[in-house]
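If you want the building blocks of each chain, they are given just below.
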Amino acid sequence: MTDYLPPKVWTWDKENGGAFANINRPVAGATHDEALPIGEHPLQLYSLATPNGVKVTVMLEELLAAGNTSAEYDAWLIRINDGDQFGSGFIEINPNSKIPALMDRSGREPIRIFESGSILLYLADKFRAFLPIAPAARAEIMSWLFWQMGAAPLLGGGFGHFYAYAPIKIEYAIDRYTMEVKRQLDVLEQRLAQNEYVGGTEYTIADMAIWPWYGALVQGLLYEAGEFLAVQEYTNVRRWADMIGQRPAVKRGRMVNRIFGEQSSQLHERHDAADFEIRTADKLPAAS
């Protein structure tokens, strides 16, 4: 491999991004006109079951499990590999073209919310759930929530991309991001050695934000990198990940907008609680 000498001015003259080259571009905005569907529930979610998408569906299912009936929602599938996130309707909700995106239509004027951490915080405040009121406790949860928001791009866009998706394996890039991911796992390991949950003694939006990324990672479900990262070393993170993963609402949330894995685990769209029983991919006509 020859050394790359960056030009004085970068120009976009070829596809870049490995597995995601067809949807990578250096400009924002819509590529096509497409209105988004609207269901009957107060909350309209447009998403895909990536780790960031799972955060929000877990939160919504936890709210419903806790008895918050006004947290009923429609979850519409956004196929990011097909470029659905560049439709004009989606751009109106999230100008950054990333899932998940949420519309709250429960009030006089619809409210848009984008960025997964922002959605978690909005729902926690709206329903007064999974986020402590006491200032010190709330600050602790907020710190861990924003830790995840800042750390995950180094895991997904850094380690995940260069380890699993880049068209060539670059030792320097993989080593750089592996070191950072293992440091992050050690941060969590030390925290969870002293606390049952990330924020302390209570299950909160911090756990919901961190679990789909780092829980999946230590369970060997992300990038097929469990052995490479020696995830068995992080015993407290694994204990926490297994505990969170056994929650019924988490199991349901993980299924919503899922289009990969066992067909019985895929609920492409969710419009009613009964959908988990009657509309998983293995029960759809196309699956027969």
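Each remark here, short or long, concerns the structure printed above.
Residues numbered from 1 in each chain as written. Predicted model: local features only at pLDDT ≥ 70, side-chain atom pairs only at ≥ 80, totals over all residues. Heavy atoms only, no water.

If you tally the helices and strands in the protein chain, you get nine helices and four strands. Helices and strands in the protein chain line up, N terminus first, as β-α-β-α-β-β-α-α-α-α-α-α-α. On C-alpha atoms alone, the protein chain measures out to a radius of gyration of 20 Å, which is about the 19 Å that the 2.2 N^0.38 rule sets for 288 residues. In the protein chain, 64% of the contacts between residues at least 6 apart in sequence involve partners at least 24 apart. Carbon and sulfur atoms make up 53% of the accessible area of the protein chain, which amounts to about 14900 Å² in all. For the protein chain, the separation between the mean place of its 27 positive charges and that of its 36 negative charges on side chains is 3 Å. (Helix = DSSP H or I, 4+ residues; strand = E, 2+ residues; numbered from the N terminus. Rg over C-alpha atoms; globule rule 2.2 N^0.38 Å. Contact = heavy atoms within 4.5 Å. Areas by Shrake-Rupley, 256 points an atom, 1.4 Å probe, with all protein chains shown as cover. Lys, Arg positive; Asp, Glu negative; His and termini not counted. Charge placed at Lys NZ, Arg CZ, Asp CG, Glu CD.)

Another aspect to go through is helix H6 (residues 205–218). For H6, which comprises 14 residues, the first-to-last C-alpha distance of 19 Å matches the rise-based estimate of 20 Å (1.5 Å per residue) to within 8%. The largest bend in H6 comes to about 55 degrees, at Trp211, with the proline Pro212 one to four residues further on. When you tally the buried positions in H6, you get 14 out of 14 residues, the bulk of the element. Downstream of H6 by a residue or two, Gly220 has a phi angle that is positive, lying close to 75 degrees. (Expected span 1.5 Å × (residues − 1). Bend = angle between axes of the 7 residues up to and from the residue. Buried < 20%, exposed > 50% of the residue type's maximum accessible area, 1.4 Å probe, protein only.)

All right, on to helix H8 (residues 248–255) then. For an α-helix, 3.6 residues make a turn, and residues three or four places apart therefore share a direction. Among the residues of H8, those classed as buried are Ala249, Val250, Gly253 and Met255. Against the buried residues of H8 lie helix H1 (51–65), H6, helix H7 (235–245) and helix H9 (275–278). Backbone geometry just after H8 places Asn257 at a positive phi near 60 degrees.

With an omega of 0 degrees, the peptide bond between Ile99 and Pro100 qualifies as cis. Backbone geometry at Glu224 places phi at a positive 50 degrees, although glycine is not the residue there. Among the structural elements, Glu224 can be located in the loop between H6 and H7. Of note in the backbone geometry, Ala230 takes a positive phi value of approximately 50 degrees without being a glycine. In this fold, Ala230 is placed in the loop between H6 and H7.

For the rest of this paragraph, the subject is the packing of aromatic side chains. Per the counting criterion, the structure on display carries ten aromatic pairs. Both rings, one in Trp144 and one in Trp147, keep their centres 5.6 Å apart while their planes meet at 70 degrees; by these two values the pair is edge-to-face. Here Trp144 and its partner Trp147 are both found in helix H4 (residues 135–165), three residues apart, which amounts to about one turn of the helix. The same class applies to Trp144 and to Trp147, which are both buried. A ring pair is formed by Phe159 and Tyr163, whose centres lie 5.0 Å apart and whose planes are at 15 degrees; its orientation type is stacked. A residue pair is termed a helical-turn pair when its members lie 3 or 4 positions apart in one helix, as Phe159 and Tyr163 do in helix H4 at four residues. With a relative accessible area of 1%, Phe159 lands in the buried category. (Phe/Tyr/Trp six-rings, centres within 6.5 Å; stacked < 30°, edge-to-face > 60°.)

Another point: the nonpolar core. Ranked by size, the top nonpolar core spans 66 residues in total, and within it Met59, Leu123, Leu155, Ile205, Tyr214 and Trp240 carry the most contacts. Looking at this core element by element, the count peaks at eleven residues for H6. The residues contacting Ile205, other than those within four sequence positions of it, are Met59, Leu120, Leu121, Ala124, Phe130, Leu131, Ile141 and Leu145. By size, the runner-up hydrophobic cluster in this structure holds eleven residues, among which are Leu48, Trp76, Ile78 and Phe90. (Core = buried A, V, L, I, M, F, W, Y, C linked by side-chain atoms within 4.5 Å.)

This part covers the environment of Ser97. Among the secondary structure elements, Ser97 is positioned in the loop between helix H2 (88–93) and strand S3 (101–104). When sequence neighbours within four positions are dropped, the list of residues in contact with Ser97 reads Gln85, Phe86, Phe90 and Ile91.

On to the pairing of strand S4 (residues 111–114). Of the pairings in the sheet, the one linking S3 to S4 comprises four bridges and is antiparallel in character. Residue Ala101 lies in a different strand from S4, and its bridge partner there is Phe114. Joining the antiparallel neighbours S3 and S4 is a turn of six residues. (Pairing = 2+ DSSP bridges.)

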